Amino acid sequence: MRTIHTFAILIAVSAITMLYAQDKNPVKKAAEAIDDPIIKEAAAAPVTKKTSTSDGETIETVVVAPTRKKQMTTSSIMKSGNRIGMKLGFDYVIGKNPGVVQAYGIEIPFADIAAVECLIGQNTVATTGTVPNTNLIARSSLNYLSISGINKFYITSVSLGIGLAYDKFIGGYAEQEIITGGNMFTKSVIGSSPDLLFVLLSAGYLQEIKDNIFVQPQLVFSYQVLPWNDRVMKLELSITLAFKM
């Protein structure tokens, strides 16, 4: 009996010794995952493994490297969501001086490859020239409140659009200045001018520069259809900074 008891004690001591030895030399694994929807969607994200040894412990770290595709794909135009933004640029009415364009608006996707953009802002049309058979310089500046809507169709990040713009006259002025021989100067307020209606053709590029922040450079060709008796054409070059709602 004493022999069996002694043998059991030896087995218990051996087991405790083995457990203690294993605890002193464990092999631990830790995985660090970056919680990003784009990472979750990437089936073949690059993986980096690092191994280090410290105090008899081997630590293996698996790091999933983030990957982000900034260019919009055809199906992600809808995923980009509604975007509000500010547009700033210049427009050139053919035969007149360049003017400043400033507008605020929203773009709403309604299909995987299509969206509608609505803008409201202010346009200025300036003209400078000499008065025939005189030594006077004539200048004028007309201000319009512009409301526009464009249907855009996307091919990856490139958009092509067609729409309408209504320019409501809100004020302006005209002035004359003598060229030589004195300092004659006259200025008058323009109280009325016809409102304008344009057909628009646009081309742009949508780029995500940071999470939910986009820029979109855009070129717009406008052809005036109203009034009929004084039709003009203009080109507008602008860039829009937009934020996902």
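Here the structure is a predicted model, which means the values were calculated and not measured.

Draft legend 1. Structural context of the nonpolar core. Judged by nonpolar contacts, V93, V125, L142, Y144, I150, A165, F169, L196, F198, L200, V220 and V232 together constitute the single largest core of 12 residues. Within the residue set of this core, elements represented by two or more residues are β7 (136-155), β8 (158-178) and β10 (196-205). Leaving out residues up to four positions away in the same chain, I150 has contacts with A115, V116, E117, G161, I162, G163, L200 and S202. With 6 residues, the next largest nonpolar core counts I77, A115, F214 and A242 among its residues.

Draft legend 2. Local environment of the packing of aromatic side chains. Throughout the structure, instances matching the rule amount to 1 aromatic pair. Summarising the aromatic geometry, the rings of Y144 and F169 are spaced 5.8 Å apart at their centres and angled 70° between planes, so their arrangement reads as edge-to-face. Here Y144 is found in strand β7, whereas its partner F169 is found in strand β8, with 25 residues between them in sequence. Look at Y144 and you get buried, because its relative accessible area is 4%. Relative accessible area serves as the criterion here: at 10%, F169 is assigned to the buried category. Across the ring face of F214, the terminal group of R83 is positioned such that the distance to the ring centre comes to 5.3 Å. The ring of Y173 is capped by K187, whose NZ or CZ atom sits 4.4 Å from the centre of that ring.

Conventions adopted
- Residues numbered from 1 in each chain as written.
- Predicted model: local features only at pLDDT ≥ 70, side-chain atom pairs only at ≥ 80, totals over all residues.
- Heavy atoms only, no water.
- Core = buried A, V, L, I, M, F, W, Y, C linked by side-chain atoms within 4.5 Å.
- Buried < 20%, exposed > 50% of the residue type's maximum accessible area, 1.4 Å probe, protein only.
- Helix = DSSP H or I, 4+ residues; strand = E, 2+ residues; numbered from the N terminus.
- Contact = heavy atoms within 4.5 Å.
- Phe/Tyr/Trp six-rings, centres within 6.5 Å; stacked < 30°, edge-to-face > 60°.
- Lys NZ or Arg CZ within 6 Å of the ring centre and 35° of its normal.

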